[in-house]
Amino acid sequence: MNYSSIPSAQSVVFHCKAQGIKNIIISPGSRNAPLTIGFTEDPFFRCFSIVDERSAAFFALGIAQQKQEAVAVVCTSGSALLNYYPAVAEAFYSDIPLVVISADRPSNKIDIGDGQTIRQDNIFERHIGYSANLKLDIVHAINSKVIKDKEAFKSSKTVEDEQKTIQAFNDVELNKALRLALLDKTPIHINVPFEEPLYDVLENPSVTQFVDVLAKKNDLKINSFQDFANIWNTSKRKMILVGVNYPNTVEQKLLDILATDESVIVLTETTSNVHHPNFFPSIDSIIAPIEKSKDNDKLFKALQPDVLLTFGGLIVSKKIKSFLRVYRPQHHWHVDDKKAYDTFYCLSHHFRIGPNSFFIDFLEHTRKIESGYYEYWKSVKHNYQKKREQYISDIPFTDMSVFHHIVRSIPNNWQLQLANSSTVRYAQLFDLDPSLNVFCNRGTSGIDGSTSTAIGAAIYCEAPTILITGDLSFFYDSNGLWNNYIRPDFRIILINNGGGGIFRILPGKEDTENFETFFETAHDLKAEHLCKMHNIEFIHVTDEISLKSSLRGFYKKSNSPKLLEIDTPRLLNNKILLNYFDFIS
């Protein structure tokens, strides 16, 4: 096995291995050659080659999302590093340990007009858990004759002593960065300056590192739930709102207890991955009719909880956020072992513990009380469910009817990846099968990396994966298809409505050329040639009959991935969606 001749490159690889970081996504380059050599020569690592750094970072994000462990991305110096930023921001807000490792030029090459040099240190400062800026190895710099002698370092130490100091500094920084990534589930950046030569190798490592091996982080023990239980036990209206939540993080028996308490309603989102027949999965279908009612103040006050208990990540529904910001609960408690956002401007307590551990302990102190809270909203739920079926049976072929057919067609136990914007919001309106594991990049809610994330997420998923995406999200991330790792059971459903359809339902919409060009970005692009280029089976439908027919064979085993492109009417979709809320009202 070969090792890079550069000590700091050996250190980075050694520390990653010691901390169990196995998956390495490498984008090609020259300055990162010492890292590429180190990772690819060691069979401990599984290395992936992704050319486009932006796609590579989201691909890594998908793997980390599924494995719930740190994944590293490695790039060359210069502008390559900047392309990681969207995924770094997503990882930061989604609590995903993305390890960014960038090669850099020596400091004396920065800002002198040399190619592929930018100021790489602390480049993600506002969206990173930690930035480790390693020092240049003196032994390698001297051997390369860039620095002629030790006096150039303005030090009285010998070269060997100076190198030991540098090695100790780099070890401390690597330990600090990787421990933080793994314990706090946050992205970190390791910037490593390399001097040429870059491709020299050794048969044996030249350095010995000090590695602080990670100890497992456990939930904090809450000293006393009694005061909070007293509030809970005397409140007749308790609302539990679940945001982005990894599947199976809360035991079903605990959810069953909450589901059978008549003073509790549990509102879930598509990304919540918690299920019970008594839960409320289509939040907007409850809120929208109240907004349109003459008695909306009275109805909102009837829905207003005394206690709001939240867990999970960010909330998709704008309607529930608007409601709770105006009709605030007396108490808002958030359960998370890391952070709590004051989303509704009334956060009163943060339980720093995982939701499963919380409910195991907390429910022992609670009791069920008489209340009509659940029963009333159960009747509202049944009403909109009945009206939704009636409405869908009467509407023409549009985004909404397409989603109705798609969600019913997905086989049990598949992984469902959703793009952002219209896609995840339409999915919110329907009841998905509880066996599906649902994911979406809701940290920043951007459309920019959905395809890349889904392809990465599929790598280690035992079940097949389906991505449902809109046209702007898909074409924006088309480089996500540019790799050799797309599984043959990977499926994409592309709903092509010819532009950013979500802008047609927002206030300020105008049917003008200016609106269509700069907001909706109307287009006539199709995915057929992209599929041909990337060896993806392409299916195209434009009506309900062909959609139903295509879906019947779409999920069957195949030798290559498949993409189903569905054309829907750009100028009609928004009217059908807005009319839905009027109809169920």
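Residues numbered from 1 in each chain as written. Predicted model: local features only at pLDDT ≥ 70, side-chain atom pairs only at ≥ 80, totals over all residues. Heavy atoms only, no water.

### Looking at the overall build of the protein
Operational definition: Secondary structure is summarised from DSSP: a helix means a run of H or I of at least four residues, a strand means a run of E of at least two, and numbering begins at the N terminus for each. The size measure is the radius of gyration over C-alpha atoms, and the globule rule it meets is 2.2 Å times the number of residues to the 0.38 power. Accessibility here uses a 1.4 Å probe with only protein chains present; expressed as a share of the type maximum, an area under 20% marks a residue as buried, one over 50% as exposed, and anything in between as partly exposed. Throughout, a contact is declared for two residues whenever any of their heavy atoms are within 4.5 Å. Each accessible area is a Shrake-Rupley result for a 1.4 Å probe, and residues are judged covered by the shown protein chains and nothing else.
Along its length, the protein carries 21 helices and 19 strands. A compact globule built from 585 residues should have a C-alpha radius of gyration of about 25 Å, and the protein, at 27 Å, falls within 12% of that. By principal-axis analysis of the C-alpha atoms, the protein measures approximately 85 × 60 × 45 Å. The 585 residues of the protein split such that 56% are buried. Pairs at least 24 residues apart make up 78% of the contacts formed inside the protein by residues separated by at least 6 positions. Accessible surface, the protein: about 25100 Å² in total, of which carbon and sulfur atoms supply 51%.

### Section: the nonpolar core
Short version of the rule: As used in this record, nonpolar core signifies buried Ala, Val, Leu, Ile, Met, Phe, Trp, Tyr and Cys residues forming a set joined through side-chain atoms within 4.5 Å.
M400 and I493 are the most contacted members of the largest nonpolar core, which totals 64 residues. At six residues, helix α13 (residues 373-394) tops the list of elements feeding residues into this core. Sequence-distant contacts of M400, defined by excluding residues within four places in its chain, comprise Y391, I395, Y426, L429, F430, I576, L577 and Y580. With 43 residues, the next largest nonpolar core counts I50, A91, L530 and I536 among its residues.

### Topic: the sheet that holds strand β12 (residues 331-335)
In plain terms, the rule: Two strands qualify as a pair provided DSSP detects at least 2 bridges between them. In this analysis an axis means a line fitted to C-alpha atoms, helices contributing only their contacting stretch, and an angle means the value between N-to-C directions, from 0 to 180 degrees.
Taken in spatial order, the five strands line up as β10-β9-β11-β12-β13 in an open sheet, and their pairing is parallel. If you trace the sheet from one side to the other, it starts and ends with β10 (264-268) and β13 (347-351), each paired once. This sheet shows a mean twist of 20° between the axes of neighbouring strands, independent of strand direction. When β12 meets β13, the two strands line up parallel, connected through four bridges. When the bridges of β13 are listed, W333 appears paired with H349. Packed on one face of the sheet, helix α7 (residues 226-233) meets β9 (238-242), β10, β11 (307-311), β12 and β13 and runs near 125° to β12.

### Things to note about the packing of helix α9 (residues 283-292) against helix α11 (residues 318-326)
Put simply, the rule reads: Roughly parallel refers to an angle under 35 degrees, roughly antiparallel to one over 145, roughly perpendicular to one between 65 and 115, and oblique to any angle outside these ranges. A clockwise turn of the near helix away from the far one marks a right-handed crossing, whereas an anticlockwise turn of less than a right angle marks a left-handed crossing. Each residue receives one of three labels: charged for Asp, Glu, Lys and Arg, nonpolar for Ala, Val, Leu, Ile, Met, Phe, Trp, Tyr, Cys and Pro, and polar for the others, Gly being one of them.
Two elements in contact, α9 and α11, have axes whose closest approach is 8 Å; the angle formed by their N-to-C orientations is 55°. Taken together, the axes of α9 and α11 are oblique relative to one another. α11 is crossed by α9, and the crossing has left-handed handedness. Residue-level inspection shows I283, D284, I287, A288 and E291 of α9 in contact with α11, the latter providing K319, I320 and F323. Among the residues forming the contact of α9 with α11, the class breakdown is five nonpolar, no polar and three charged.

### Observations regarding the state of the cysteines
The line we're drawing: When two cysteine sulfur atoms are found within 2.5 Å, that pair is recorded as a disulfide.
Evaluation of the coordinates by the stated rule reveals zero disulfides. The thiol of C16 is not disulfide-bonded; the next cysteine sulfur, from C47, is found 11 Å away. You can call C16 buried: its relative accessible area is 0%.

### Comments concerning the confidence of the model for the protein
The line we're drawing: Per residue, pLDDT captures the predictor's confidence, and it can take any value from 0 to 100.
Per-residue confidence for the protein gives a mean pLDDT of 91; residues scoring 70 or more make up 93%. Contacts of residues 148-152 to residues separated by more than four positions or lying in other chains number six contacts, the stretch itself having pLDDT below 50.

### Notes on the side chain of S77
Take S77: it is sitting in the loop between β4 (71-75) and α4 (85-94). The exposure class assigned to S77 is buried, which follows from its relative accessible area of 1%. When sequence neighbours within four positions are dropped, the list of residues in contact with S77 reads R31, A103, D104, R105, Q116 and Q120.

### Observations concerning the sheet that holds strand β7 (residues 188-193)
Strand order across the open sheet formed by six strands is β3-β2-β4-β5-β7-β6, with parallel pairing between neighbours. Of all strands in the sheet, those bounded by a partner on one side alone are β3 (46-49) and β6 (130-133). Within this sheet the neighbouring strands show an average axis-to-axis angle of 20°, counted without direction. Summarising the sheet, β4 and strand β5 (residues 98-104) pair through five bridges and their orientation is parallel. In the sheet register, V71 faces β5, and the bridge partner there is L98. Sitting on the sheet, helix α1 (residues 7-18) is in contact with β5 and β7, with an inclination near 155° to β7. Relative to the sheet, helix α6 (residues 159-184) contacts β5, β6 and β7, its axis offset from that of β6 by approximately 160°.

### Remarks on the pattern of salt bridges
We apply this condition: Here a salt bridge means any side-chain nitrogen of Lys or Arg lying within 4 Å of a carboxyl oxygen belonging to Asp or Glu.
Under the criterion given, the structure shown has 17 salt bridges. Here R31 and E196 are joined by a salt bridge, their closest N and O atoms 3.3 Å apart. In this pair, R31 is assigned in the loop between β2 (23-26) and α2 (33-41) and E196 in the loop between β7 and β8 (201-202), connecting sequence segments 165 residues apart. In this structure, K319 engages E291 in a salt bridge whose closest nitrogen and oxygen atoms are separated by 2.9 Å. Of the two residues, K319 is situated in helix α11 and E291 in helix α9; the sequence distance between them amounts to 28 residues. In the salt-bridge network here, residues are joined through shared partners; they are D95, K338 and K339.

### Quick look at unusual backbone geometry
Note: most peptide bonds trans; most residues except glycine with negative phi. The step from E196 to P197 runs through a cis peptide bond, and the omega angle for that step is 5°. Residue position: P197 is located in the loop between β7 and β8. The phi dihedral of Y345 falls on the positive side, at around 60°, and the residue is not glycine. You can see Y345 is positioned in the loop between β12 and β13. Its identity is not glycine, yet N413 carries a phi of approximately 70°, on the positive side.

### What to know about the side chain of D42
Test applied: Whenever a nitrogen or oxygen atom comes within 3.5 Å of another N or O atom, the pair is scored as a polar contact, on the condition that within protein one atom can donate a hydrogen and the other can accept it, and that pairs from neighbouring residues in sequence are kept only if both atoms are in side chains.
Positionally, D42 belongs in the loop between α2 and β3. According to the relative accessible area criterion, D42 is buried, its value standing at 7%. Within the structure, D42 has its side chain in polar contact with the side chain of K17 (distance 3.0 Å). Ignoring any residue separated from it by four or fewer positions in sequence, one finds D42 in contact with M1 and K17.

### A closer look at the packing of aromatic side chains
Stated precisely, the cut-off is as follows: Aromatic contacts are taken between Phe, Tyr and Trp rings whose centres are within 6.5 Å, Trp giving its six-membered ring; a plane angle under 30 degrees counts as stacked, one over 60 as edge-to-face, and the others as tilted. In this scheme, the term charge over a ring applies when either NZ of a lysine or CZ of an arginine sits within 6 Å of the ring centre and within 35 degrees of the ring normal.
Here the structure, examined in full by the defined rule, presents 33 aromatic pairs. Note on F280 and Y374: the rings are 6.0 Å apart at their centroids and 75° apart in plane angle, and the pair reads as edge-to-face. Of this pair, F280 sits in the loop between β10 and α9 while Y374 sits in helix α13, and the two are 94 residues apart along the sequence. Here the two residues F280 and Y374 agree in accessibility, since each one is buried. By way of ring pairs, the aromatic residues F225, F228, W232, F311, W333, F351, F358, F359 and F362 are connected into one cluster. A cation over a ring is seen here: R491 above F554, with NZ or CZ 6.0 Å from the ring centre.

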